[in-house]
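One letter stands for each residue in the lines below.
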Amino acid sequence: MNDIFNNMKQSMDRFFGTPAFKLARKENPDTSKDSAEQVDSTKLEQLVYEVIAKYPNGCIADDVMTHFPNHGIQTISPRYAPLIRKGFIVDTGERRKSSTGRSQRVMRVIK
């Protein structure tokens, strides 16, 4: 059973996650680089992907954040770009109003 779990984890790691060196710029202070090392981007990207998948008509960042009451926007919003680059989600081009009245992009999982 442990082998099955390890194989699933390895498969997941190939798809989700961003190396720490890509999470902090060279010119960032060492504290930012230390923080990047501590982020479990694999888990966070997968969780964000799973939330977006719950919205067949797409969702905005406000919708996603309702699923992460214990995380700040600075932890969740950096997961969108890698998911778009990897082809897991797409910016539909549609915009919807956020709780503040500002427009946010609508994201949807690519089937």
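Just so we're clear, the structure is a prediction, and the values are computed from it rather than from any experiment.

> Account for the pattern of salt bridges, naming residues and giving values.
As enumerated under the stated definition, the model contains three salt bridges in all. Put simply, Lys 86 and Glu 45 hold a salt bridge, and the shortest N to O gap is 2.8 Å. Of this pair, Lys 86 sits in the loop between α6 (80-85) and β1 (89-97) while Glu 45 is found in helix α3 (residues 41-53), placing the two residues 41 residues apart along the sequence. Across the pair Arg 96 and Glu 94 runs a salt bridge whose closest N-O atoms are separated by 3.2 Å. Looking at Glu 94, the relative accessible area reads 37%, which means it is partly exposed.

> Now, about the pairing of β1: what can you tell me, with residues and values included?
Within a regular strand, side chains alternate between the sheet's two faces. Note: β1 against strand β2 (residues 103-109), six bridges, orientation antiparallel. Looking across to β2, one finds that Arg 96 is bridged to Gln 104. Between β1 and β2, which pair antiparallel in sequence order, lie five residues; one of them, Gly 101, sits at a positive phi of approximately 90 degrees.

> Mind laying out the packing of aromatic side chains, listing which residues take part and the relevant values?
The tally for this structure, following the rule as stated, stands at one aromatic pair. Seen from their ring centres, Tyr 49 and Phe 88 are 5.8 Å apart, and the 70 degrees between their planes marks the pair as edge-to-face. Remark: Phe 88 occurs in the loop between α6 and β1 and Tyr 49 occurs in helix α3; sequence separation between them is 39 residues.

> Describe α3, with residues and values.
Compared with the 18 Å implied by 1.5 Å per residue over 13 residues, the 18 Å span of α3 between its first and last C-alpha is a close match. Of all the residues in α3, the buried ones are Ser 41, Thr 42, Leu 44, Glu 45, Gln 46, Val 48, Val 51 and Ile 52.

> Run through the nonpolar core, naming residues and quoting values.
Note that soluble globular proteins tend to have their nonpolar side chains buried in a common cluster. Residues Val 48, Ile 52, Val 64, Ile 76, Tyr 80 and Ile 89 are the most contacted members of the largest nonpolar core, which totals 17 residues. Of all the elements in the fold, those that place two or more residues in this core are α3, α4 (61-65), α6 and β2. It is α3 that contributes the most residues to this core, four residues altogether. What Tyr 80 contacts, discounting residues up to four positions off in sequence, is Val 48, Ile 52, Ala 61, Val 64, Ile 89, Arg 105 and Met 107.

> Describe the confidence of the model for the protein chain, listing the residues and the values that go with them.
Summing up the model confidence of the protein chain, the mean pLDDT is 80 and the portion of residues at 70 or higher is 66%. Scored below 50 in pLDDT, residues 4-13 shows three contacts in the model against residues more than four places distant or in partner chains.

About the criteria used
In this numbering scheme, every chain counts its residues from 1 along its sequence in written order. With the structure being a predicted model, the display of local features is reserved for residues of pLDDT at least 70 and the display and counting of side-chain atom pairs for 80 or more, all residues being used for whole-chain, interface and lining totals. Each side-chain value is worked out from all heavy atoms of the structure, with water and hydrogens disregarded. Basic side-chain nitrogens of Lys or Arg form a salt bridge, by our definition, when they fall within 4 Å of a carboxyl oxygen of Asp or Glu. Secondary structure elements are taken from DSSP: a helix is a run of H or I of four residues or more, a strand is a run of E of two residues or more, and numbering for both begins at the N terminus. Partly exposed describes any residue whose relative accessible area lies between the buried limit of under 20% and the exposed limit of over 50%, with all areas from a 1.4 Å probe on protein chains only and scaled to the type maximum. When DSSP finds two or more bridges between a pair of strands, those strands are recorded as paired. Whether two aromatic rings pair depends on their centres lying within 6.5 Å, for rings of Phe, Tyr and Trp, where Trp uses its six-membered ring; planes under 30 degrees apart make the pair stacked, over 60 edge-to-face, and the rest tilted. Multiplying 1.5 Å by the residue count of a helix minus one yields the expected span of that helix. Take the buried Ala, Val, Leu, Ile, Met, Phe, Trp, Tyr and Cys residues and link them wherever side-chain atoms come within 4.5 Å; each set so joined is a nonpolar core. We call two residues in contact when some of their heavy atoms are within 4.5 Å. pLDDT measures the predictor's confidence residue by residue and takes values from 0 up to 100.

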